[in-house]
Amino acid sequence: KNQVEQSPQSLIILEGKNCTLQCNYTVSPFSNLRWYKQDTGRGPVSLTIMTFSENTKSNGRYTATLDADTKQSSLHITASQLSDSASYICVVSAKGNAGKSTFGDGTTLTVKP
Amino acid sequence: NAGVTQTPKFQVLKTGQSMTLQCAQDMNHEYMSWYRQDPGMGLRLIHYSVGAGITDQGEVPNGYNVSRSTTEDFPLRLLSAAPSQTSVYFCASSQARGGKNIQYFGAGTRLSVL
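Residues numbered from 1 in each chain as written. Chains lettered and ligands numbered in written order. Predicted model: local features only at pLDDT ≥ 70, side-chain atom pairs only at ≥ 80, totals over all residues. Heavy atoms only, no water.

Considerations on the pairing of strand S4 (residues 31–37) of chain B
Remember that side chains alternate between the two faces of the sheet whenever the strand is regular.
All names here are of chain B.
Item 1. Most of S4 is tucked away: 7 of the 7 residues are buried.
Item 2. With burial as the criterion, each face of S4 is covered, one bearing Tyr31, Ser33, Tyr35 and Gln37 and the other bearing Met32, Trp34 and Arg36.
Item 3. Here 7 bridges tie S4 to strand S9 (residues 87–94), and the two strands are oriented antiparallel to one another. Among the inter-strand pairings, Met32 is bridged to a residue of S9, identified as Ser93.
Item 4. Between S4 and strand S5 (residues 44–51), which pair antiparallel one after the other, the connecting turn spans 6 residues, and Gly40 there sits at a positive phi close to 75°. (Buried < 20%, exposed > 50% of the residue type's maximum accessible area, 1.4 Å probe, protein only. Helix = DSSP H or I, 4+ residues; strand = E, 2+ residues; numbered from the N terminus. Pairing = 2+ DSSP bridges.)

Pasting the structure below:
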């Protein structure tokens, strides 16, 4: 069964600090991996999309990495801001099967002043 | 562009009632989908459509119907609401399914079934 596991479940950091969120997956055959940011009470917003051949993708202070061999991805947030407080969701899509996507449960990040 | 618009934002139903959650997008996207998000769980796909007149079931389709008569609209119908359908529902659209197509999500409809 295709699975996406995210860790930690929740994280509290101080404003200005860096943090790294993890995503491990068993989805196969792999097509692409996406990171979304979901603010409380809002829909998810796409941060990055990576295919098999891409090791890293940046979007401002957000940098995602992908190791397709170990089936792991990380999302690194640099110089955190209060507005980074949100849930971060990892989504992995499979080839074939009409591109079925498996969503992780998300990591809830709280940035405190 | 408004993006993906969902209505209503909040709804309370009694068990057995039916209702339609509306979803509209103005980006001329072919692919549209409905998800539900329960506390502590990842989004789960209910139904999806790859174009007008074409719909298919996702992971958790029971109790829900969809239709896609136009490119813009993709309503989700609850036939006979049950407490287990209490959830937050998100509609999403993208140019096509999969690949590097970015999915755009609506703000969600928060549904409570009593």
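Picking up where we left off.
Side note on unusual backbone geometry
Item 1. Cis peptide bonds are those with omega within 30 degrees of zero, and the linkage from Ser28 of chain A to Pro29 of chain A qualifies with -10°.
Item 2. Mapping Pro29 of chain A onto the fold places it in the loop between strand S3 (19–25) and strand S4 (30–38).
Item 3. With an omega of -5°, the peptide bond between Thr7 of chain B and Pro8 of chain B qualifies as cis.
Item 4. With respect to the helices and strands, the residue Pro8 of chain B is situated in the loop between strand S1 (4–7) and strand S2 (10–13).
Item 5. One non-glycine residue, Lys71 of chain A, lies in positive phi territory at about 60°.
Item 6. With respect to the helices and strands, Lys71 of chain A occurs in the loop between strand S7 (62–67) and strand S8 (72–77).
Item 7. Classification of Lys71 of chain A as partly exposed rests on a relative accessible area of 29%.
Item 8. Positioned with a positive phi, Ala79 of chain A is a non-glycine residue whose angle comes to about 50°.
Item 9. In this fold, Ala79 of chain A is placed in the loop between S8 and strand S9 (86–94).

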